[in-house]
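# Descriptive structure summary
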Protein chains: 2
Amino acid sequence: MTTTWAPVPAGSPFPVQSLPYGVFSRESEQPRVGAAIGESVVDLAAVLGDEVFAAPSLNPFMAQGSAVWADARRRLTELLTDSSRRSTVEPHLAPLADVRLHLPVEVADYVDFYSSEHHATNVGRILRPGGEPLTPNWRHLPIGYHGRSGTIVVSGTPIVRPCGQRKAAGEEAPTYGPSTRLDIEAEVGFVVGAPSPMGARVPASAFGDHVFGVVLLNDWSARDIQAWEYVPLGPFLGKSFATSISPWVVPLEALAHARVIPPPQQPEPLPYLRDAGQWGLDLTLEVEWNGDVVSRPPFDQMYWTPAQQLAHLTVNGASLRTGDIYASGTVSGPDRDQRGSFLELSWNGAQPVKLSDGSTRAFLDDGDTVTIRASAPGAEGARIGFGEVSGTILPAR
Amino acid sequence: MTTTWAPVPAGSPFPVQSLPYGVFSRESEQPRVGAAIGESVVDLAAVLGDEVFAAPSLNPFMAQGSAVWADARRRLTELLTDSSRRSTVEPHLAPLADVRLHLPVEVADYVDFYSSEHHATNVGRILRPGGEPLTPNWRHLPIGYHGRSGTIVVSGTPIVRPCGQRKAAGEEAPTYGPSTRLDIEAEVGFVVGAPSPMGARVPASAFGDHVFGVVLLNDWSARDIQAWEYVPLGPFLGKSFATSISPWVVPLEALAHARVIPPPQQPEPLPYLRDAGQWGLDLTLEVEWNGDVVSRPPFDQMYWTPAQQLAHLTVNGASLRTGDIYASGTVSGPDRDQRGSFLELSWNGAQPVKLSDGSTRAFLDDGDTVTIRASAPGAEGARIGFGEVSGTILPAR
């Protein structure tokens, strides 16, 4: 098994098989690109000798394409596993506890999909009881919509409870005020590195040429605002106040051992959506509410794969830009303790979630903290962590 | 009346009362910021002596805020009206015919509203005959959604007919292929200059502090793709292949004389949506299809004003960034020849549009060119033009 000279405590999310990329700073230094190893961050501009890593985002590096990504990862792995390099590299490691982590990506466009059959079915049953839970198009295409890039924030950023317009069933007119049904959506985000020109399609088979890596994403959702606004043009202010992502981008290459065959698709998708590369991913998410793990959503149950989402996103000739992020949609499994939103977990409040302090919840209270983690099988039996995406709710202003 | 020493032919869209900003280049020069006067563009870095105008987009200038915008306009007006300055300024004028015009703004987030009552009613009648044409929320809030920033292109960029998935009524399963119902939406876009922080609301009264200026916008729409995909999360691939904007951004200050009282709103909007500043705008659009003017949509009939749209966009604490663009939604008036989309003009194909070459159209053919223009009352009785946004359809690839 490949071992590193760097200290990696047992159970660390960052073994040498992972090496996720992020943007960090110490004290008054400018933010720069680093990679996580154990409980440290490696200063990449210093150890790889490439100024592309002195940038305050991963974008310049990601724009260079998959051959450069592979080369950087190979060189970094060599530096961290060859003990003769320890003395030159070690001075450029900083304890994670001493650094500030920043938004790793300058986000271009943000798209959110809706690709868990269990989630879409649950939401359909809750919001349209008696009707067909899935819309007629759901099994034919990965449904998605554009979200607000400018309010994507890094893990740890406080989330101010949004205000807005909502109308409860039976009320005559809408009212204005703080959302009373503030929720999460536990998702996985895919970060585009290499762009594509307008007018060209990116087939599912080119997924690895364009997608640089993977983040955890919390699509905070104000259900009351969303319910009143979303017909006919989709979610808008119910989502656009904030979306949190993890500070670490796990390179796709680290997930080679997490690839699995996705669930069967029936009816068979149109040819442009076929994913011969089989980009199902065996990630297990973990949703923690005020310190209690309330759910473990399984990503390997997602109906549409990220390669199919990419093919769909570009089939009309839409271009890709470095820094585009597209998210999976809420990850929910078939069991109650695998649901990725509190709307589902509490079944719209009918089955409140009991926390270990004795309190119960349907949706988020002010002061609540939600943390999403994930792990996946890595090379040589290692377990790869994604770090976490976390946020605490502040009262409405 | 304020007159300029620069030649301005009668009927020019660019009298000295307008002075829209754009980004231009000559031959192998780097793109830089200019202002249009008559049939020329003024090199602003040269004549105002400020390197902020040497940038390849308006963003650095726009980020400086409304006091700087007003000052630059005042100084530029002085230079162009004081004949003693002619000899120093004139060398920095280039004929519009000799320059290339670029996308004027580095677009941050793009939002598209749906704020014409006539348009929303027409679409409702066409797509949901027998039902209520407007959804219950329509008169309570400006409905909107996020679009794709990365495919916003400058006027003149060819538009490749998009491919995608669609299912005609009565068909068993969806098929893949080029859109057969390619349409336009004649809109007005508002360009955000001064940002706002996350968690803060921007009231309607602060519209002029944040919005720098106005562009014309064509929201190209593939109706067949859109119809199959848009329930439940809104338009996605039916729109994301391309959105065209005019190269000239007309500063809000130039439109002071175009402000009018908007149509009455019933029921009265919630307090956060009240627009005491009355930002109705008396713009008249003109839609030309292969050289024939087929429609003149009146912007003064829009139900929701751009100031109300801005207040709504930020009421949940969503931040604004320099370069955000939000569009009005299709501008349609009450009369047939005031409709801003071909879906409405041809009433979904039932009333084909006859062109002067004898041909008829419901939607766009390959090779068709659509040009949208607009004008508005300016200071001292001048008529302010917006230039144009134009695009020609290329066959699907």
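Quantities reported herein were computed from a predicted structural model and do not represent experimental measurements.

Turning our attention to the sheet that holds strand 5 (residues 100-102) of chain A. Residue and element names in this part refer to chain A. The 5 strands lie next to each other as 4-3-2-1-5, forming an open sheet whose pairing is antiparallel. What marks the edges here is a single partner per strand, and that holds for strand 4 (93-95) and strand 5. Adjacent strand axes in the sheet meet at a mean angle of 45° when their direction is disregarded. With 3 bridges joining them, strand 3 (residues 40-43) and strand 4 adopt antiparallel strand pairing. Paired with serine 40 across the two strands is proline 95, which belongs to strand 4. Running at roughly 65° to strand 1 (residues 21-25), helix 3 (residues 66-81) makes contact with strand 1, strand 2 (32-37) and strand 3 of the sheet.

Now for the packing of aromatic side chains. Here the structure, examined in full by the defined rule, presents 32 aromatic pairs over all chains. With 5.6 Å between their ring centres and 85° between their planes, phenylalanine 61 of chain A and phenylalanine 212 of chain A make a pair best called edge-to-face. Separated by 151 residues along the polypeptide, phenylalanine 61 of chain A in helix 2 (residues 59-62) and phenylalanine 212 of chain A in strand 14 (residues 211-218) bring together distant segments of the chain. With a relative accessible area of 0%, phenylalanine 61 of chain A lands in the buried category. Here a set of aromatic residues connected by ring pairs shows up, and it is made of Phe113, Phe190, Phe207, Trp279, Phe299 and Tyr326 of chain A together with Phe236 of chain B. Against the face of tryptophan 279 of chain A rests arginine 259 of chain A, its NZ or CZ located 3.7 Å from the ring centre.

Now for the relation of the copies chain B and chain A. Overlaying chain B with chain A gives an RMSD of 0.0 Å, the required rotation being 180° about an axis along which the chain moves by 0.0 Å. As the rotation angle and translation indicate, the two copies are arranged about a two-fold axis. Distance from the rotation axis, computed per C-alpha, reaches its smallest value in chain B at glycine 234 of chain B: 2.1 Å. Both copies present the same face, since 100% of the interface residues in chain B are matched by interface residues at the equivalent positions in chain A.

Before going further, it helps to spend a moment on the interface of chain B and chain A. On the chain A side, the residues contacting the 57 residues of chain B number 57 residues. Of the roughly 5,500 Å² buried where chain B meets chain A, counting both sides, 60% is carbon and sulfur surface. Three residues, Arg148, Leu233 and Phe236 of chain B, lead the burial of chain B against chain A; their summed loss comes to 15% of the area buried on that side. Seen at the junction of chain B and chain A, the total is 2 salt bridges. Between aspartate 324 of chain A and arginine 148 of chain B there is a salt bridge, with the nearest N and O atoms lying 3.0 Å from each other. Of all elements in the fold, only strand 6 (110-113), strand 7 (144-147), strand 10 (163-166), strand 11 (175-178), helix 7 (223-229) and helix 8 (306-314) of chain B reach the threshold of two or more residues within the side of chain B that touches chain A. Ranked by the residues each element gives to the side of chain B that touches chain A, the list is headed by strand 7 of chain B, at 4 residues. Along the lines of polarity and charge, the residues of the side of chain B that touches chain A split into 32 nonpolar, 18 polar and 7 charged.

Criteria and thresholds
Residues numbered from 1 in each chain as written. Chains lettered and ligands numbered in written order. Predicted model: local features only at pLDDT ≥ 70, side-chain atom pairs only at ≥ 80, totals over all residues. Heavy atoms only, no water. Pairing = 2+ DSSP bridges. Helix = DSSP H or I, 4+ residues; strand = E, 2+ residues; numbered from the N terminus. Axes fitted to C-alpha atoms, helices over the stretch in contact; angles between N-to-C directions. Contact = heavy atoms within 4.5 Å. Phe/Tyr/Trp six-rings, centres within 6.5 Å; stacked < 30°, edge-to-face > 60°. Buried < 20%, exposed > 50% of the residue type's maximum accessible area, 1.4 Å probe, protein only. Lys NZ or Arg CZ within 6 Å of the ring centre and 35° of its normal. Least-squares fit on C-alpha atoms with pLDDT ≥ 70 in both. Buried area = accessible area lost by both parts, 1.4 Å probe. Salt bridge = Lys/Arg side-chain N within 4 Å of Asp/Glu carboxyl O. Nonpolar A, V, L, I, M, F, W, Y, C, P; charged D, E, K, R; others polar.

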